[in-house]
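Letter by letter, the chains look like this.
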Amino acid sequence: MPAVSDNRRWGWLAIGLVAAGVLCMVVPALARDGICGLLGCADATPDIAVTRTAPGDLVVLVPEDAAPAVRAVRLLRSSSGGAGGSIAWGIRREAGAGGASAPNAFVVGEQPPGFRTTQPASDPAATGVWQAEVSFRCTTASLPFDASAVGVGQVRSWNGTTQGAGFAPDANATETCATEPGAVERALFVGGAVAAAVGSVLGIVVLFRREPPEPDDDLDWAPTADG
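Keep in mind the model is a prediction, meaning the values are calculated, not measured.

K.L.:
Explain the nonpolar core here, please?
P.N.:
Judged by nonpolar contacts, the single largest core of 26 residues is most densely connected at Phe106, Phe136 and Phe145. If we skip the residues at most four places from it in the chain, Phe145 touches Val50, Leu58, Leu75, Gly128, Val129, Trp130, Gln131, Ala132 and Val150.

Structure follows, in structure tokens:
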């Protein structure tokens, strides 16, 4: 009986180590980034678009729900390779402005309330290939476009061209920021993995140490035909 009791104690210890190890690996990641802490979701950035309200104006649009998260807006001249080149115009939200001033339409060359100009506009962007960039809380959305193809009243985004003053109904307005685990979380993960491994090995040892069941000598065997 003492051996059986010891096996039970070691068995419960093995179960406890495995459970504690799994919790140390899973709970901090879920608390940090939800299910994305376990699955490694990619960042999700709100959609942006460009439009014209007049032939000489160029406007960068963001969804209304994402407007309070805008930190900076820039217009870049596209380089020969198609990527963003030199900055032709830029504004940045002033420190302390928060979301009190939350425009969702930014006219190139103008400075909306709550923002300061970081690069004055040097070109009306009437022709040529450009790239609009909008920085949100932790992500940056970019949109290359041909200025000559943007007509008055047309909204051009990654989803195509629509008529009107706003986005298509299916435009994404949500920003999802995948974050990296900190030092404490990484240490808990390593410790949890070690605890789970030790618990698994201990459980296997306990399983093999179990004594086989004793044969029952009191069974009444049925008589054979020869008996």
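K.L.:
Got a minute to help me understand the sheet that holds strand 2 (residues 59-61) in this structure?
P.N.:
By definition, the strands of a sheet pair up through backbone hydrogen bonds, in either a parallel or an antiparallel sense. In spatial order, the strands read 5-2-1-9-10; together these five strands make up an open sheet with antiparallel pairing. Both outer strands of the open sheet, strand 5 (105-107) and strand 10 (160-163), are each paired with one neighbouring strand and no more. Strand-to-strand twist of the sheet, defined as the mean angle between neighbouring strand axes without regard to direction, takes the value 25 degrees.

K.L.:
Would you take a moment to explain the pattern of salt bridges for this structure?
P.N.:
Opposite charge on two side chains permits pairing when their charged atoms draw close. In the structure shown here, the tally under the stated rule is one salt bridge. Across the pair Arg74 and Glu133 runs a salt bridge, and its minimum N-O distance is 2.7 Å. One end of the pair, Arg74, is in strand 3 (residues 72-78); the other, Glu133, is in strand 7 (residues 129-135), and 59 residues separate them in sequence.

K.L.:
Can you help me understand the pairing of strand 7 in this one?
P.N.:
In regular strands, side chains alternate between the two faces of the sheet. Summarising burial for strand 7: six of the seven residues are buried, a large majority. As paired strands, strand 3 and strand 7 are joined by six bridges and run antiparallel to one another. Bridged to Leu76 within strand 7 is Gln131. Relative to strand 8 (residues 140-146), strand 7 runs antiparallel, the two sharing seven bridges. By the bridge assignment for strand 8, Glu133 is matched with Ser142. Joining the antiparallel neighbours strand 7 and strand 8 is a turn of four residues.

K.L.:
How should helix 3 (residues 183-209) be read in this particular structure?
P.N.:
Because an α-helix completes one turn every 3.6 residues, residues spaced three or four positions apart along the sequence face the same direction. The end-to-end C-alpha distance of helix 3, which contains 27 residues, comes to 39 Å, matching closely the 39 Å that a straight helix rising 1.5 Å per residue would cover. Buried within helix 3 we find Glu185, Gly192, Ala195, Ala196, Gly199, Leu202 and Val206.

The rules behind each value
- Residues numbered from 1 in each chain as written.
- Predicted model: local features only at pLDDT ≥ 70, side-chain atom pairs only at ≥ 80, totals over all residues.
- Heavy atoms only, no water.
- Core = buried A, V, L, I, M, F, W, Y, C linked by side-chain atoms within 4.5 Å.
- Buried < 20%, exposed > 50% of the residue type's maximum accessible area, 1.4 Å probe, protein only.
- Contact = heavy atoms within 4.5 Å.
- Pairing = 2+ DSSP bridges.
- Helix = DSSP H or I, 4+ residues; strand = E, 2+ residues; numbered from the N terminus.
- Axes fitted to C-alpha atoms, helices over the stretch in contact; angles between N-to-C directions.
- Salt bridge = Lys/Arg side-chain N within 4 Å of Asp/Glu carboxyl O.
- Expected span 1.5 Å × (residues − 1).

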